[in-house]
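So the chains spell out like this:
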Amino acid sequence: MTISWYPGHMHKANKEMAALIKQIDVVIEVLDARMPQASANPLLKAMREGKPCLHILNKADLADPRITREWLDYFRAQPLAHAAASGKDKRIETADVLHLCRQLLRKVAAAKPRKPQPAPTEDENADLAALRAWKQENKKHQILIVGIPNVGKSSIMNQLLGRKIARTGNEPAITKGQQRVRLKDNWFLVDTPGVLWPRLEDQAAAYRLAMSGAIRNTAMEFLDVAQFAAKTLLEEFPERLKHRYGMSALPADGEAFLRELAIARGCVRKDKDIDWNRVSELLINDYRAGRFGPMSLERPPQAENPPAA
Ligand SMILES: Nc1nc2c(ncn2[C@@H]2O[C@H](COP(=O)(O)OP(=O)(O)OP(=O)(O)O)[C@@H](O)[C@H]2O)c(=O)[nH]1
Ligand SMILES: [Mg+2]
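Residues numbered from 1 in each chain as written. Chains lettered and ligands numbered in written order. Predicted model: local features only at pLDDT ≥ 70, side-chain atom pairs only at ≥ 80, totals over all residues. Heavy atoms only, no water.

Draft legend 1. Main features of helix α8 (residues 222-236). The first and last C-alpha atoms of α8 sit 21 Å apart over 15 residues, in line with the 21 Å expected at 1.5 Å per residue. Along α8, the positions that sit buried rather than exposed are Phe222, Val225, Ala226, Ala229, Ala230, Thr232, Leu233 and Leu234. (Helix = DSSP H or I, 4+ residues; strand = E, 2+ residues; numbered from the N terminus. Expected span 1.5 Å × (residues − 1). Buried < 20%, exposed > 50% of the residue type's maximum accessible area, 1.4 Å probe, protein only.)

This is the structure we're talking about:
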């Protein structure tokens, strides 16, 4: 089944973001640290063109820390970009975010072409410096938090504010509208609803998103996603599967693996048939909860070796 999920509320949210983004100083794009490529929304990339961007690799507690470091280097090497990781075990701090946003604004200022001016006198110089400092102190800065559904945008906003101001939850489309709050001094944060894009061309990436919980359950076939997950885990993390489910040997393909797991875990219906839905949920929920240990499903384009099992 082709995965596609672009309900009306996402179209509306995209339009509202496009209207607001002109007034925004820095964009925070929240990505899933386990799959920074699949979770990067091309519509948001086009929308934030020319704006400085802080990429936060969230749910880093569920990703392989070595691969997360590779991703951080990858994003930091991009123009007008910075990157930081955040996870349940080690949350990003407000001071870090403000520090990185200020660095980005300085990069923007340095990149602006300056008209040649006659050299100011010493007095004029001091006066200009004072004016610049005054302007800087009084300027309002707006940070827009964007990203795909369920990636942890509102959790990050709550964390940065130090109080629960936005509703969060372990399902996509919890945030329904923009929410603007003062972060500190002249810095404001705007939380936004999670958005995808109309056509998920890369279906392997779409299936990774479905594994992660970014796609509403009703917009996907659980068995299809579980088979994809089983195939991925069999190929890339066989030892983790064996360890989690106490299997000494693994079946060759996803379906055979799910069948064996269903029998081992009692996911069998009264008529003795396999309960495919239950076993699919079991595997997907184990993955989402990180019960196989931290694992990254993607590496940055320039990294040479495949993810270590
Ligand atoms: N393991 C882990 N879970 C996290 C982390 N951050 C957020 N979550 C969980 O991810 C789920 C989604 O969090 P939200 O903050 O509601 O995500 P969101 O991006 O605002 O979602 P929408 O508003 O629906 O787009 C919640 O169950 C959070 O507890 C993290 O760093 N690690
Ligand atoms: Mg939210």
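So, next bit.
Draft legend 2. A look at the site of ligand 1. Around ligand 1, the surrounding shell holds 23 residues, and the nearest of these are Asp61, Lys153, Ser155, Ile174 and Thr175. Here an oxygen atom of ligand 1 and a backbone polar atom of Lys88 are 3.3 Å apart. Within the side chain of Ser154, an N or O atom sits 2.9 Å from an oxygen atom of ligand 1. Considering ligand 1 on its own, with 660 Å² of exposed area, one finds that the protein chains cover 91% of that surface. Residue classes in the shell around ligand 1 are distributed as six nonpolar, 11 polar and six charged. (Near = heavy atom within 4 Å. Polar contact = N/O pair within 3.5 Å; in protein donor to acceptor, adjacent residues only side chain to side chain. Areas by Shrake-Rupley, 256 points an atom, 1.4 Å probe, with all protein chains shown as cover. Nonpolar A, V, L, I, M, F, W, Y, C, P; charged D, E, K, R; others polar.)

Draft legend 3. Structural context of unusual backbone geometry. In this structure, Asn150 is a non-glycine residue whose phi angle is positive, near 65 degrees. Relative to the helices and strands, Asn150 resides in the loop between β4 (141-147) and α6 (153-161). The residue Lys272 is not glycine, and still its phi comes out positive at about 75 degrees. Within the secondary structure layout, Lys272 lies in the loop between α10 (254-265) and α11 (276-288).

Draft legend 4. Structural view of the pattern of salt bridges. According to the stated counting rule, one finds 14 salt bridges in the structure shown. Note that Asp286 is salt-bridged to Arg291, the shortest N-O span being 2.7 Å. A relative accessible area of 5% places Asp286 in the buried class. Salt bridges sharing common partners tie together Arg244, Asp286 and Arg291. (Salt bridge = Lys/Arg side-chain N within 4 Å of Asp/Glu carboxyl O.)

Draft legend 5. The arrangement of the domain arrangement of the chain in detail. When its domains are assigned, the chain resolves into domain 1 (8-112 + 128-191) and domain 2 (221-288). Using C-alpha coordinates to define each centre, domain 1 is positioned 36 Å away from domain 2. (Domains from an automatic or database assignment.)

Draft legend 6. Here's a closer look at the coordination of the magnesium ion (ligand 2). For the magnesium ion (ligand 2), every protein donor is listed as Ser154 (OG) and Thr175 (OG1), and the spread of their distances is 2.0 to 2.1 Å. Linking Ser154 in helix α6 with Thr175 in the loop between α6 and β5 (179-184), this pair joins segments that are 21 residues apart in sequence. For Ser154, a relative accessible area of 8% puts it in the buried group. (Donors = N, O, S within 2.8 Å, 3.2 Å for Na, K, Ca; no water.)

Draft legend 7. The arrangement of the nonpolar core in detail. One finds Ile3, Leu209, Ile215, Phe257 and Leu283 to be the most contacted residues of the largest nonpolar core, which totals 81 residues. With seven residues, α8 is the single largest residue contributor to this core. Inspection of this core shows a minimum of three residues originating in each of domain 1 (8-112 + 128-191) and domain 2 (221-288). When residues no more than four places from it in sequence are discounted, the contact partners of Ile3 are Leu200, Gln203, Ala206, Tyr207, Ala210, Ile215, Met220 and Val225. (Core = buried A, V, L, I, M, F, W, Y, C linked by side-chain atoms within 4.5 Å. Contact = heavy atoms within 4.5 Å.)

Draft legend 8. Region of the structure containing the pairing of strand β1 (residues 26-32). When you tally the buried positions in β1, you get seven out of seven residues, the bulk of the element. Here β1 shows two buried faces, one formed by Val26, Ile28, Val30 and Asp32 and the other by Val27, Glu29 and Leu31. Strand direction decides the pairing type here: β1 and β4, joined by five bridges, are parallel. Within β4, the residue paired with Val26 across the bridge is Ile143. The sheet contact formed by β1 and strand β2 (residues 53-58) spans six bridges and is parallel. Paired with Asp32 across the strands is Asn58, a residue of β2. Crossover β1 to β2 through helix α2 (residues 42-47) is right-handed. (Pairing = 2+ DSSP bridges. Right-handed = clockwise from strand over helix to strand, strands pointing away.)

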